[in-house]
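Below are the chains, spelled out letter by letter.
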Amino acid sequence: IVQELLTQYLFLGGAPFAGIVGEEDNSIVNILRRPYQVDNLEVPVELFEEIDNVREQVAELGKKIDVVQHGQLYSKLTLFIDPIDGTKEFA
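Bear in mind that the values here come from a model prediction, so they are computed numbers and not experimental data.

Conventions we followed
Residues numbered from 1 in each chain as written. Predicted model: local features only at pLDDT ≥ 70, side-chain atom pairs only at ≥ 80, totals over all residues. Heavy atoms only, no water. Helix = DSSP H or I, 4+ residues; strand = E, 2+ residues; numbered from the N terminus. Polar contact = N/O pair within 3.5 Å; in protein donor to acceptor, adjacent residues only side chain to side chain. Contact = heavy atoms within 4.5 Å. Pairing = 2+ DSSP bridges. Salt bridge = Lys/Arg side-chain N within 4 Å of Asp/Glu carboxyl O. Core = buried A, V, L, I, M, F, W, Y, C linked by side-chain atoms within 4.5 Å. Buried < 20%, exposed > 50% of the residue type's maximum accessible area, 1.4 Å probe, protein only.

Caption draft 1: How the structure looks around unusual backbone geometry. Between Arg34 and the following residue, Pro35, the backbone shows a cis peptide bond with an omega angle of 0°. With respect to the helices and strands, Pro35 occurs in the loop between β2 (29–30) and β3 (37–38). Here the phi dihedral of Asp39 falls at roughly 55°; this positive angle occurs in a residue that is not glycine. Following the sequence through the fold, Asp39 ends up in the loop between β3 and β4 (41–42).

Caption draft 2: Fine view of the side chain of Arg55. Within the secondary structure, Arg55 is located in helix α2 (residues 48–62). Polar side-chain contacts of Arg55 include one of 3.3 Å to the side chain of Asp52. The contact partners of Arg55, leaving out residues within four places of it in the chain, are Leu5, Tyr9, Ile31, Leu32 and Tyr36.

Caption draft 3: Broad picture of the sheet that holds β2. What the 3 strands build is an open sheet, ordered β2-β3-β4; its pairing is antiparallel. A strand with exactly one partner marks an edge of an open sheet, and here the two such strands are β2 and β4.

Caption draft 4: Here's a closer look at the pattern of salt bridges. What the rule picks out here adds up to 3 salt bridges. Ionic pairing is found between Lys63 and Glu60, a salt bridge with its closest N-O pair at 2.8 Å. Residues participating in the shared-partner salt-bridge network are Arg34, Asp52 and Arg55.

Caption draft 5: Looking closely at the nonpolar core. Membership of the largest hydrophobic core comes to 15 residues, with the highest contact counts inside it found for Tyr9, Phe11, Ile31, Tyr36, Val43 and Ile51. Of all elements in the fold, only α1 (2–10) and α2 reach the threshold of two or more residues within this core. It is α2 that contributes the most residues to this core, 4 residues altogether. Sequence-distant contacts of Ile31, that is, excluding residues within four places in its chain, are made with Ile1, Glu4, Leu5, Tyr9, Tyr36, Ile51 and Arg55.

Caption draft 6: Summary view of the environment of Val45. Looking at where Val45 falls in the secondary structure, it is placed in the loop between β4 and α2. Looking at Val45, the relative accessible area reads 59%, which means it is exposed. For the pair Val45 and Arg34, spaced 11 residues apart in sequence, the C-alpha separation works out to 8.8 Å.

Caption draft 7: Structural view of α1. Listed as buried for α1 are Gln3, Leu5, Thr7, Tyr9 and Leu10. Looking one or two residues past α1, Leu12 carries a phi angle of roughly 50°, positive in sign.

Worth remembering: the numbers are spatial, not functional.
Dropping the structure here:
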């Protein structure tokens, strides 16, 4: 969910990174329509409001990122996202 928030809402799905690598690369994440899911797993109902709030806050923050002005810088970067427990090996 964190990777989805960062890639789709913080950068509004449009920052021209050289690449984005993360644990959820092959996952199907739904945080738009309830019930929220990651692959076959349903997110607990008690987290729905928290996801809604964080999604809105991240999207607002994303509006402050100037992709037009900094796009060439972003195009040279690869993001590695392993937000929770550091279980994916990138080496």
